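Remarks on the overall topology
Below are the chains, spelled out letter by letter.
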Amino acid sequence: MNYDKEILFVLNEAGANGLSVKKIARHVFNNCNSFFDVVTFDEVHRYVAAYVKRNSKKDDSVIERTDVRGVYRLNLTNTSRQLQFVFKEDDEAGNDTGADTAEDKSLSLF
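Below you will find a few notes about this structure. (Residues numbered from 1 in each chain as written. Predicted model: local features only at pLDDT ≥ 70, side-chain atom pairs only at ≥ 80, totals over all residues. Heavy atoms only, no water.)

**What about the nonpolar core?**
Formally: What we call a nonpolar core is a set of buried Ala, Val, Leu, Ile, Met, Phe, Trp, Tyr and Cys residues that are connected through their side-chain atoms within 4.5 Å. Per-residue accessibility, obtained with a 1.4 Å probe over protein chains only, is compared with the maximum for each type, and a residue is labelled buried under 20%, exposed over 50%, and partly exposed between these values. Under the scheme used here, helices are H or I runs from DSSP no shorter than 4 residues and strands are E runs no shorter than 2 residues, and both carry numbers assigned from the N terminus. In this description, contact between two residues means that some pair of their heavy atoms is separated by no more than 4.5 Å.
Counting 20 residues, the largest nonpolar core has Tyr3, Ile7, Ile24, Val28, Val44, Val48 and Val52 as the members making the most contacts within it. Per element, the largest residue contribution to this core is six residues, and it comes from helix α2 (residues 21-32). Not counting the four nearest positions on each side in its chain, Val52 is found in contact with Ile7, Val21, Ile63 and Tyr72.

**Here we look at the side chain of Asn75**
Stated precisely, the cut-off is as follows: Under the rule applied, a polar contact is a pair of N or O atoms within 3.5 Å (in protein, one hydrogen donor and one hydrogen acceptor; residues adjacent in sequence only if both atoms are side-chain atoms).
Following the sequence through the fold, Asn75 ends up in the loop between β3 (71-74) and α4 (78-81). Within the structure, Asn75 has its side chain in polar contact with the backbone oxygen of Ser61 (distance 3.0 Å).

**A look at the environment of Val39**
Mapped onto the secondary structure, Val39 falls in the loop between α2 and α3 (41-54). Once the C-alpha coordinates of Val39 and Phe29 are considered, the two residues, 10 residues apart in sequence, prove to be 7.7 Å apart. Sequence-distant contacts of Val39, defined by excluding residues within four places in its chain, comprise Tyr3, Phe29, Asn33 and Val44.

**Some thoughts on the side chain of Thr66**
Note on placement: Thr66 falls in the loop between β2 (63-65) and β3. Looking at Thr66, its side chain comes within polar contact range of the main-chain oxygen of Val68, at 3.3 Å. A polar contact is formed between the side chain of Thr66 and the backbone oxygen of Val71, at a distance of 3.0 Å. Excluding residues within four positions of it along the chain, Thr66 makes contact with Asn17, Val71, Tyr72 and Arg73.

**Re the pairing of β3**
What counts is decided by this rule: DSSP bridges decide pairing: two strands pair if at least two such bridges lie between them.
Bridging between strand β1 (residues 19-20) and β3 involves two bridges; their strand directions are antiparallel. Bridge pairing links Ser20 to Val71 in β3. Between β2 and β3, which pair antiparallel in sequence order, lie five residues; one of them, Gly70, sits at a positive phi of approximately 85°.

**Some details on the packing of helix α1 (residues 4-14) against α2**
Formally: A fitted line through C-alpha atoms serves as each axis, taken over the contacting stretch for helices, and the angle formed by two N-to-C directions is quoted from 0 to 180°. If an angle is under 35 degrees, it is roughly parallel; if it is over 145, roughly antiparallel; if it lies from 65 to 115, roughly perpendicular; otherwise it is oblique. Put simply, a crossing is left-handed when the front helix is turned counterclockwise from the back one by less than a right angle, and right-handed when it is turned clockwise. Amino acids outside the nonpolar list (Ala, Val, Leu, Ile, Met, Phe, Trp, Tyr, Cys, Pro) and the charged list (Asp, Glu, Lys, Arg) are all regarded as polar, and Gly is one of them.
For the pair α1 and α2, interaxial distance at closest approach is 9 Å and the crossing angle is 125°. Between α1 and α2, the angle falls in the class oblique. Once α1 is placed against α2, the crossing between them reads as right-handed. When α1 is examined against α2, the residues Glu6, Ile7, Val10 and Leu11 are found in contact with a partner set consisting of Ile24, His27, Val28, Asn31 and Cys32. Taken together, the residues that form the contact of α1 with α2 break down as six nonpolar, two polar and one charged.

Below is the structure:
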């Protein structure tokens with residue numbers, strides 16, 4: 001199973017303080033464990049620890065270490081900020097596309 005998205009999501013929610021590897025692993029375990037797809041916490045913890053260690057070695061990587069041992073956060077420098085997208089509706093951005101005046105051409109179910 002691919003836990004990369006969940007790790008980045010949890011670190012994004014954590015903010016500038018970051019989270020410890022154990023807490024990140026607990027969140028990923030809770031999000032990915034289900035009745036039909038059972039995973040062990042040790043497996044998730046090993047993957048999370050290896051992932052954050054591997055992706056925090058370079059200065060321009062997405063994840064960075066904090067001053068506290070074992071705590072990681074997202075690197076918010078210019079290169080990693082490009083990965084964050086803000087999705088807005090066209091109406092919120094001020095662009096009037098005329099969607100309100102368009103005719104509804106969807107099929108009726110009944």
